[in-house]
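So the chains spell out like this:
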Amino acid sequence: MLDGPAGAGKSTVAQEVSRRLDLPFLDTGAIYRAITLVMLRRRIPAEDSPQLQDALRDFSVSFEGGAVMLGDEDVTSAIRTPEIDGAVSSYSALPAVRSALLGIQREQAKNGLVAEGRDMGTVVFPDACLKIFLTASPESRAMRRYEERVLKGEPADYGEILDAVNRRDGLDSGREIAPLRRAPGAILLDTTDLTFDQVVDRVMEYAEGV
Ligand code: DC
């Protein structure tokens, strides 16, 4: 299980580790992003309401290959926009949203998996055999996001991205329910000065030692 703040490299690291271990990969942030997309499309505010409960009941997300599917629709790119970045923390702070998504996440774990998110080790999979808390300085995380956007040819402003990273860190760590925390027993891995390959190698060493 890999937890950590936005932009620490959890997703790419977890994908590579799952490939090497031949285990399924679960990107739980994608699930929170997909429900946020539904809420924004239906114009449902981030507070508990009958409409929000209905949307949670209807919510059906799945992973096909590398794609995130909302029913039959491929929403892989639609969930990675600045609009979703800006709204996801508000929806994911709601207890109703977190409890609805708990079952969806646990269902995926029947035959073992590599999962990444914010509360994998603390709440969703507290009995996991390996828990790692991946972190990095806000500046280096913002720089990674900046470079990703530039590579994709999208508009990018480093200062704005850094502000957004700091804002999201505050919201994700400060929320009352399942805040971003290093789980008891989780190994702390600071990736600020490590290359991607070094991080993957470290995680593989820990996995082999289990
Ligand atoms: O990892 P990400 O940036 O795709 O995650 C998007 C948001 O979803 C993140 O800001 C907080 C929320 N999230 C969460 O609350 N719990 C998780 N297990 C995963 C993500």
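Right, let's walk through the structure included here. Remember, predicted model here, so these are calculated numbers, not experimental data.

## Focus on the site of the ligand
Next, step 1: Among the 16 residues in the neighbourhood of the ligand, the closest are listed as Arg33, Arg98, Asp119, Arg168 and Arg175.
Next, step 2: Arg98 is positioned such that a nitrogen or oxygen atom in its side chain is 2.8 Å from an oxygen atom of the ligand.
Next, step 3: Between the ligand and the protein, one listed contact pairs a nitrogen atom with a side-chain N or O atom of Asp119 at 2.9 Å.
Next, step 4: Look at the ligand: alone it shows 450 Å² of surface, and the protein chains cover 98% of it.
Next, step 5: Counting residues per element, the ones that place at least two in the shell around the ligand are helix 2 (28-41), helix 4 (82-92) and helix 8 (158-174).

## Here's the deal with helix 2
Next, step 1: Look at helix 2: 20 Å from first C-alpha to last across 14 residues, which is about the 20 Å you get at 1.5 Å a residue.
Next, step 2: Here helix 2 lies mainly inside the structure; 11 of its 14 residues are buried.
Next, step 3: If you check which residues of helix 2 are buried, you get Thr28, Ala30, Ile31, Tyr32, Arg33, Ala34, Ile35, Thr36, Leu37, Val38 and Met39.
Next, step 4: For helix 2, the side-chain oxygen to backbone nitrogen distance between the N-cap and Gly29 is 3.1 Å, and the N-cap itself is Asp27.
Next, step 5: Just past helix 2, the residue Arg43 takes up positive phi, approximately 55°.

## With respect to the sheet that holds strand 6 (residues 114-117)
Pairing between sheet strands relies on hydrogen bonds along the backbone, with the strands arranged either parallel or antiparallel.
Next, step 1: The strand order across the open sheet formed by 5 strands is 2-6-1-7-8, and the pairing between neighbours is parallel. Since the sheet does not close on itself, it has two edges, and those belong to strand 2 (25-27) and strand 8 (187-190), each with one partner.
Next, step 2: Here 2 bridges tie strand 1 (residues 2-3) to strand 7 (residues 132-135), and the two strands are oriented parallel to one another. For Asp3, the partnering residue across the bridge sits in strand 7 and is Phe133.
Next, step 3: Where helix 2 meets the sheet, its contacts fall on strand 2 and strand 6, and the angle it forms with strand 2 comes to roughly 40°.
Next, step 4: Along the sheet, helix 9 (residues 196-208) makes contact with strand 7 and strand 8, crossing strand 8 at roughly 165°.

## Considering the nonpolar core
Next, step 1: Grouped together as the largest cluster of nonpolar side chains are 34 residues, with contacts concentrated most on Met39, Leu52, Phe59, Val97 and Phe125.
Next, step 2: At the level of secondary structure, the elements contributing two or more residues to this core comprise helix 2, helix 3 (50-58), strand 4 (67-70), helix 4, helix 5 (95-107) and helix 6 (120-124).
Next, step 3: Here the element with the most residues in this core is helix 2; it accounts for 8 residues.
Next, step 4: When near neighbours in sequence (up to four residues on either side) are disregarded, Phe59 contacts Ile31, Ala34, Ile35, Val38, Leu70, Leu101 and Ile104.
Next, step 5: Grouped together as the second largest cluster of nonpolar side chains are 15 residues, Ala14, Leu189, Val200 and Ala207 included.

What counts, and where the lines are drawn
- Residues numbered from 1 in each chain as written.
- Predicted model: local features only at pLDDT ≥ 70, side-chain atom pairs only at ≥ 80, totals over all residues.
- Heavy atoms only, no water.
- Near = heavy atom within 4 Å.
- Polar contact = N/O pair within 3.5 Å; in protein donor to acceptor, adjacent residues only side chain to side chain.
- Areas by Shrake-Rupley, 256 points an atom, 1.4 Å probe, with all protein chains shown as cover.
- Helix = DSSP H or I, 4+ residues; strand = E, 2+ residues; numbered from the N terminus.
- Expected span 1.5 Å × (residues − 1).
- Buried < 20%, exposed > 50% of the residue type's maximum accessible area, 1.4 Å probe, protein only.
- Pairing = 2+ DSSP bridges.
- Contact = heavy atoms within 4.5 Å.
- Axes fitted to C-alpha atoms, helices over the stretch in contact; angles between N-to-C directions.
- Core = buried A, V, L, I, M, F, W, Y, C linked by side-chain atoms within 4.5 Å.

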